[in-house]
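Architecture and fold: a report
These are the residues of each chain, in order.
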Amino acid sequence: MDLAANLLLGLETAATPINLLYCLIGVVLGTAIGVLPGLGPAATVAMLLPVTFGLAPTTALIMLAGIYYGAQYGGSTTAILVNLPGEASSVVTAIDGHRMARAGRAGQALAAAAIGSFVAGTAGTFLIALFGPPLAEIALAFRPADYFSLMVLGLVAAMVLAHGSILHAAGMATLGLLLGTAGTDVTSGTARFTFGLPQLADGIGFVVVAMGMFGIGEIMADLQRAARREVATHALGGLWPAREDWRRMAAPILRGTALGSALGILPGGGPILAAFGAYALEKKVSAHRDELGTGAIEGVAGPEAANNAGAQTSFIPMLTLGIPANPVMALMIGAMIVHGIQPGPSVMTDQPALFWGLIASMWIGNAMLLALNLPLIGVWVRLLRVPYGYLFPAILAFCAIGAYSLSNATFDVHLMALFGILGYALNRLDCGPAPLLLGFVLGPMMEEFLRRALILSAGDPWVFATRPISAAFLLLAAALLASVLVPAVKRTRARAFAE
Amino acid sequence: MAQGAHRSRDVWAGALYVAIAVAAFWIARDYRLGTAARMGSGYFPMLVAGVLLAIGVASILRGLLRPGAQVLALAVRPVLFVTGACVAFALLLERAGFVPALAALCAIAAFADRDFRPAWRKLAILAGFVGACALVFVVGLGLPVKPFWR
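Residues numbered from 1 in each chain as written. Chains lettered and ligands numbered in written order. Predicted model: local features only at pLDDT ≥ 70, side-chain atom pairs only at ≥ 80, totals over all residues. Heavy atoms only, no water.

Re the overall build of chain B
Helix and strand counts for chain B come out as 5 helices and 0 strands. Reading chain B from its N terminus to its C terminus gives the helix and strand order α-α-α-α-α. Relative to the compact-globule value of 15 Å for 150 residues, chain B shows a C-alpha radius of gyration of 24 Å, a clear excess of over 25%. Dimensions of chain B, computed from the C-alpha atoms along their principal axes, are close to 55 × 50 × 20 Å. Going through the 150 residues of chain B one by one, you find that 42% of them count as buried. (Helix = DSSP H or I, 4+ residues; strand = E, 2+ residues; numbered from the N terminus. Rg over C-alpha atoms; globule rule 2.2 N^0.38 Å. Buried < 20%, exposed > 50% of the residue type's maximum accessible area, 1.4 Å probe, protein only.)

Here is the structure:
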């Protein structure tokens, strides 16, 4: 099947009234919740995941994808208007974006973010369509040992690209792996770490973990900070960028899109790394680089394009290989499993309508974001003005209801609270939770592949080194780890995360 | 022991890892290990717990020798009230119904904010919010819970 035919199939699927409706709902809901301080895309997706359970699989994934980049855009809105980034990838946007807002140019900043994101989204959609099928083809040649090593690479990459010390990222990933083993062991039927509780027989729900750590834990930490948020009440300025703005935006958007697309595919990469990388690039290359930091539109357009491109291309490893590149993709994989779809290279051939429909809907969703968000800015501003004291009980309520609705079990609410405490503890220890969630989702899969690989090799552990693909992944992982120890890389990481 | 080691982040995080790893070893002690070629149910967990233990020990050692970053301050109030709110919701939901459970959650959670002062207006907002949620989730989305206790 060639590209055009695939995209046509995708558009047909994505443009049905039901899918369009849920794409719209996803984008709006995602933006609304992404705007709220303290809830990043991962928490937003986790919170709204239960809502999608009653939908058809394609529709559910379309809505979730819409929620994802809606939440990204919502986070950027907050970053520009309030200088409180909702998520790490919006930190960079806040630097110049909020300066622009203070100078009365919030409207142009928001427009730059939306336009940059749309261009990047379009490019990202094409990239997925272009590279998805070949990658899936390659992946079909993978054997269990190769998959295991790929997942090891994924975890290592997530650790290297994670915030904070590598040792703790490794600890988080390992802890996640351990938590993933809880439940009934598929092969032997033994109950592991279930404490005799029937509710744990199927393991710990990943949504519960995500909501607890990213949502509840974040609320606990935010309450401690008790920041007095002042929404930029300055004039929004015209929403339509001036000609000068268009000219200055063009190159950063293109650069950001290219960089973001490349970085998004890396496990652990995605929007965060893309945004930081794009800002650094602009600082080196832009014609107006000395204005960066004082309210230059390049500082918004570039990173925003990059983080949206990164968000789109991070779907590639998820859709083709079944490997989550970041926590949100891990949630998507979980959603697919719940809907009975086994993620992996066969998704493309077994469910072409789902695959291409999802890709096409991403472009449609980006278009919706562009069209809607500029008029809806007034709504978001009003939302941001609600004092946090009223907001957080509502967020907590939605999380609790969501957790309960997963399996109509109050046990899950208790469990979510427990993970909230864990999330808070990790926050105080400055250990980023992202590697934990990745390890948690990858854990069962890794165990399965390890088991199969060792059965096939009759217990010989060298199979991971002798199979060329597997060896390549492991070498790459080792190289990544070693690179972190190199002083130059160390400094760059420290600077990037300190900003 | 170096200066400031007792509040070192590495020490506490490492202690957490070690504690969890040891607990895992203890709980999993009876799981069949099997061999590499025929992995039992205990193989992978033990392997991972071992790695976690190693990381924990390394972290503690690093923290004792070079304390580096300190643990950030702990605030008991948010943790207590947010957790309490969730637990109250979970306990009340099936016994007393959706409305009382949600009301309890919001009421308890409100106190997690140390600047919270009770006011009639806030009570009205709470009632409105709980009512709206009941309409959306129970009536609208069909959440299978009773609105009240009968």
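Topic: the overall build of chain A
A count of helices and strands for chain A gives 22 helices and 2 strands. The C-alpha radius of gyration of chain A comes to 22 Å, within 12% of the 23 Å expected for a compact globule of 499 residues. A principal-axis box enclosing the C-alpha atoms of chain A has dimensions of 70 × 55 × 45 Å. A burial count over chain A gives 61% of its 499 residues as buried.

Regarding the interface of chain B and chain A
Across the boundary between the two partners, chain B contributes 62 residues, which contact 60 residues of chain A. Between chain B and chain A the total buried area reaches about 5200 Å² when both faces are included, carbon and sulfur atoms providing 77% of it. It is B:Arg9, B:Met39 and B:Phe44 in chain B that bury the most area against chain A; as a group they hold 12% of the surface buried on that side. Put simply, chain B and chain A have 1 salt bridge between them. With a closest N to O distance of 3.3 Å, A:Asp430 and B:Arg9 form a salt bridge. (Contact = heavy atoms within 4.5 Å. Buried area = accessible area lost by both parts, 1.4 Å probe. Salt bridge = Lys/Arg side-chain N within 4 Å of Asp/Glu carboxyl O.)

Points about helix H8 (residues 166–180) of chain A
Taking 1.5 Å per residue, 15 residues should reach 21 Å; H8(A) reaches 21 Å between its end C-alpha atoms and fits that length. Extensive coverage of H8(A) is indicated by the burial of 14 of its 15 residues. (Expected span 1.5 Å × (residues − 1).)

Notes on the pattern of salt bridges
The final tally for this structure, using the stated rule, is 11 salt bridges over all chains. If you follow the salt bridges from partner to partner, you end up with A:Asp185, A:Arg192, A:Glu447, A:Glu448, A:Arg451 and A:Arg452 in one network.

Considerations on the nonpolar core
Judged by nonpolar contacts, the single largest core of 201 residues is most densely connected at A:Phe315 and B:Phe98. The leading source of residues in this core is helix H16 (residues 352–385) of chain A, at 15 residues. Excluding residues that lie within four positions of it along the chain, A:Phe315 makes contacts with A:Ala65, A:Tyr68, A:Ile128, A:Met329, A:Met332 and A:Met362. With 6 residues, the next largest nonpolar core counts A:Ala275, A:Phe276, A:Leu292 and A:Ala296 among its residues. (Core = buried A, V, L, I, M, F, W, Y, C linked by side-chain atoms within 4.5 Å.)

Comments concerning the packing of aromatic side chains
The final tally for this structure, using the stated rule, is 14 aromatic pairs over all chains. Measuring from ring centre to ring centre gives 5.5 Å for A:Phe142 and A:Tyr147, while their planes differ by 80°; the resulting arrangement is edge-to-face. Here A:Phe142 matches A:Tyr147 in class, with each residue buried. Each member of the aromatic cluster is reached from another via a ring pair, and the members are A:Phe142, A:Tyr147, A:Phe449 and A:Phe473. In this structure, B:Arg29 is placed above the aromatic ring of B:Trp26, and the distance from its NZ or CZ to the ring centre is 3.9 Å. (Phe/Tyr/Trp six-rings, centres within 6.5 Å; stacked < 30°, edge-to-face > 60°. Lys NZ or Arg CZ within 6 Å of the ring centre and 35° of its normal.)

Let's talk about unusual backbone geometry
Only a minority of non-glycine residues have a phi that is not negative, and only a minority of peptide bonds are not trans. All names here are of chain A. One non-glycine residue with positive phi stands out, namely Asp430, at about 55°. A positive phi angle is found at Ala458, which is not glycine, with a value near 55°. Relative to the assigned elements, Ala458 resides in the loop between helix H19 (434–456) and helix H20 (463–466).

Regarding the environment of A:Leu376
Among the secondary structure elements, A:Leu376 is positioned in helix H16. For the pair A:Leu376 and A:Thr194, spaced 182 residues apart in the sequence, the C-alpha separation amounts to 47 Å.

A few points about the side chain of A:Ser470
Along the chain, the position of A:Ser470 falls in helix H21 (residues 468–485). Ignoring sequence-local partners within four residues, the contact set of A:Ser470 consists of A:Ala145, A:Asp146, A:Ser149 and A:Phe464.

Some words on a nonpolar patch on the surface
A grouping of B:Leu135, B:Val136, B:Val139 and B:Leu141 is seen on the molecular surface, where their side chains present a nonpolar patch of about 410 Å² in accessible area. Along the polypeptide, B:Val136 turns up in helix H5 (residues 120–140). (Patch = residues over 30% accessible without salt bridge, like charges linked within 9 Å, V, L, I, M, F, W, Y side chains within 5 Å. Areas by Shrake-Rupley, 256 points an atom, 1.4 Å probe, with all protein chains shown as cover.)

Some thoughts on the confidence of the model for chain A
In this model, chain A carries a mean pLDDT of 82, and residues with pLDDT of at least 70 account for 92%. Model confidence for chain A, summarised as mean pLDDT per element, is weakest for helix H22 (residues 487–498) of chain A at 58 and strongest for helix H18 (residues 410–428) of chain A at 92. (pLDDT = per-residue confidence, 0-100.)

Brief notes about the packing of helix H6 (residues 106–139) of chain A against helix H12 (residues 298–313) of chain A
Angle between the axes and distance between the axes are the two parameters that describe a pair of packed helices. Residue and element names in this part refer to chain A. At a closest axis distance of 7 Å, the pairing of H6 and H12 adopts a crossing angle of 35°. Viewed along their axes, H6 and H12 form a crossing whose handedness is right-handed. Of H12, the residues touching H6 (which contributes Ala109, Ala112, Ala113, Gly116, Ser117, Ala120, Gly121, Gly124, Thr125, Leu127 and Ile128) are Val300, Ala301, Glu304, Ala305, Asn308, Ala309, Gln312 and Thr313. Class assignment for the residues of the contact of H6 with H12 results in 10 nonpolar, 8 polar and 1 charged. (Axes fitted to C-alpha atoms, helices over the stretch in contact; angles between N-to-C directions. Left-handed = near helix turned anticlockwise from the far one by under 90°. Nonpolar A, V, L, I, M, F, W, Y, C, P; charged D, E, K, R; others polar.)

Section: the environment of A:Leu456
All names here are of chain A. Looking at the element boundaries, Leu456 is found in helix H19. Taking relative accessible area as the criterion, Leu456 reaches 66% and is therefore assigned exposed. When the C-alpha positions of Leu456 and Tyr279 are compared, they lie 47 Å apart, and in sequence the two are 177 residues distant.

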